[in-house]
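Coordinates in review
Here are the chains, one letter per residue:
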Amino acid sequence: MNQDDRIEELLNDLDAALSVEPSPAVAAKVRARIASEPARGWLTWHRPGFVGQTFRSAGYAVVLVIAVAAAYLMWPRTTPAPKVPEQMSSMAPAPGPIATPPVPDRPATMTSVASSVKTARTQPARAVPAAREPEVLVSPATRLAIAQLSAAARDGRVTAESFSATPVSTELDVITVAPIVIDVIKIEPPATNSGGGGTVR
Amino acid sequence: MDEFADRLAGTLVSADSTIEREFEAGLPEWSRLAFRVAYSVLRQREDAEDVAQDTLTKAHRQLGQLRDRERLRGWLVRMSWRMAIDKRGSDARRVVREQAATEPDSVPSSEDAVLSVERSARLWKAIDSLSEKLRIVVVLASIEGHDVAAVAALLGLPEGTVKSRLFEARKQLRERLQ
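Residues numbered from 1 in each chain as written. Chains lettered and ligands numbered in written order. Predicted model: local features only at pLDDT ≥ 70, side-chain atom pairs only at ≥ 80, totals over all residues.

1. Some remarks on the overall build of chain B
When helices and strands are counted, chain B shows 8 helices and 0 strands. Its helices and strands taken in sequence order, chain B reads α-α-α-α-α-α-α-α from the N to the C terminus. When burial is assessed residue by residue, chain B has 29% of its 178 residues classed as buried. Within chain B, residue pairs in contact and separated by at least 24 positions form 62% of the contacts whose partners lie at least 6 positions apart. (Helix = DSSP H or I, 4+ residues; strand = E, 2+ residues; numbered from the N terminus. Buried ≥ 20, exposed ≤ 12 C-beta atoms within 10 Å, placed from the backbone. Contact = placed C-beta atoms within 7 Å.)

2. Brief notes about the interface of chain A and chain B
At the junction of the two partners, chain A supplies 24 residues and chain B supplies 33 residues. Of all the secondary structure elements, the ones that give two or more residues to the side of chain A that touches chain B are helix H1 (3-17) and helix H2 (25-36) of chain A. A total of 9 residues in the side of chain A that touches chain B trace back to one element, the largest contributor, which is H1(A). Its residues assigned to classes, the side of chain A that touches chain B comprises 13 nonpolar, 5 polar and 6 charged. (Nonpolar A, V, L, I, M, F, W, Y, C, P; charged D, E, K, R; others polar.)

3. Some points on helix H8 (residues 159-177) of chain B
Residue pairs three or four apart in sequence face the same way in an α-helix, which turns once every 3.6 residues. All names here are of chain B. Its 19 residues give H8 an end-to-end C-alpha distance of 27 Å, which sits within 8% of 27 Å, the value for a rise of 1.5 Å per residue. Along H8, the positions that sit buried rather than exposed are Val 162, Arg 165, Ala 169 and Leu 173. What you see down the axis of H8 is that its buried residues fit within an arc of 70°, all on one side. Along H8, exposed side chains directed more than 90 degrees from the buried face belong to Gly 160, Ser 164, Phe 167, Lys 171 and Glu 175. (Expected span 1.5 Å × (residues − 1). Arc of directions from axis to C-beta.)

4. Some words on the packing of H2(A) against helix H2 (residues 45-62) of chain B
To characterise two packed helices, one gives the angle between the axes of the helices and the distance between these axes. Relative orientation of the contacting elements H2(A) and H2(B) amounts to 45°, with a least axis distance of 9 Å. In terms of axis orientation, H2(A) runs oblique to H2(B). In the crossing of H2(A) with H2(B), the sense of the turn from one axis to the other is right-handed. Seen from H2(A), the contacting residues are A:Val26, A:Lys29, A:Val30, A:Arg33 and A:Ile34; seen from H2(B), they are B:Glu49, B:Ala52, B:Gln53, B:Leu56, B:Thr57 and B:His60. Partitioned by chemical class, the residues of the contact of H2(A) with H2(B) number 5 nonpolar, 3 polar and 3 charged. (Axes fitted to C-alpha atoms, helices over the stretch in contact; angles between N-to-C directions. Parallel < 35°, antiparallel > 145°, perpendicular 65-115°, else oblique. Left-handed = near helix turned anticlockwise from the far one by under 90°.)

5. Some remarks on the environment of B:Arg88
Residues and elements named next belong to chain B. By secondary structure assignment, the location of Arg 88 is in helix H3 (residues 69-90). A count of 17 C-beta atoms within 10 Å places Arg 88 in the partly exposed class. In this structure, the C-alpha to C-alpha distance between Arg 88 and Arg 43, residues 45 residues apart in sequence, is 9.8 Å.

6. Here's the deal with the packing of H2(B) against H3(B)
All names here are of chain B. One way to put it is that H2 packs onto H3 with a least axis distance of 9 Å and a crossing angle of 135°. Here H3 runs oblique to H2, going by the angle between their axes. Here the hand of the crossing between H2 and H3 comes out right-handed. Here H2 contributes Asp 47, Val 51, Ala 52, Asp 54, Thr 55, Lys 58 and Ala 59 to the contact with H3, which in turn contributes Leu 72, Trp 75, Leu 76, Met 79, Ser 80, Met 83, Ala 84 and Lys 87. When grouped by side-chain class, the residues that make up the contact of H2 with H3 number 9 nonpolar, 2 polar and 4 charged.

7. What to know about the confidence of the model for chain A
Reading fine detail from the predicted coordinates is not recommended where pLDDT is low. All names here are of chain A. Looking at chain A, the pLDDT average stands at 71 and 54% of residues meet or exceed 70. Across chain A, the element-wise mean pLDDT spans from 48 in helix H5 (residues 108-122) up to 90 in helix H6 (residues 140-155). When the criterion is pLDDT under 50, residues 41-46 qualifies, and its contacts beyond four places in sequence or with other chains add up to 4 contacts. (pLDDT = per-residue confidence, 0-100.)

Structure, rendered in structure tokens:
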């Protein structure tokens, strides 16, 4: 018997040795052991697939939180209007009252600005009340002009007479139109033999 | 919300019942496989049956993650092999049994039986001389006529690795039988 035959014989013996069958009691004992184990609740860690379910649930929760945060950040929000009256109230208050020049046809914007200036003068550091006049946006140039006017009034360079002394012309300019002279046009009749024509004026 | 909870509970209960049915259907085949693998290590019916029971009870707990049949078979093989190795290493009775098996009193009366015991002793001595990774390949190839592909699937190894290990095992056995 050569080596290969002996190997084959050995492996055949191994096949035969491992052809043993377990006793039927093995399956019955396994069933009994499984039945005797405590019932598994919903959230017990040894539940089949519990770890996978836990990670999956955590993933869903993270996705949900991210979605809510994104929706919150992307939601359009109204921004409050800038507080212009605070800017107006920062102007230096004048020491005494000034006379308001009589301007007959003042625009509404100017009226509001004048009243704001008056309020700032009488109550310099007061916070803007909740119920107040409508806010009016004033350009920086206008604000500068008002400040200069206020300073000039304080120094006495500008008085009520300064405004009333200025003549305002309300008459329309008359335009003189020269008379139109139109020359007489003369049309000569064509020279024909039949005659009968004349000069047309 | 209550409806969702009821539906979820119903899904889990039906998943549990499906797992139980699958386990019950595979129990005869899996218990045989686990027992034979354990027997190849322990060579004692009672010990091998104990290991098979432990392995199958653990497998029942793991069924949720081991739904694939082939994965479960591989898991069973590796688990029963490992538990049998641990049991053999820690069990003091093994020494007593081996001594009893080699005593002259255990020699049967008939010549065939004597030959069988001698062949069996020679067989297991040769198998035990192999390293663990070669031994499990040889054992699995002898159980239920597994071919190279089946052994590779059970051990989660490439077929080429299984082939080379089988070749190396036969070579080592040939050297020891000289």
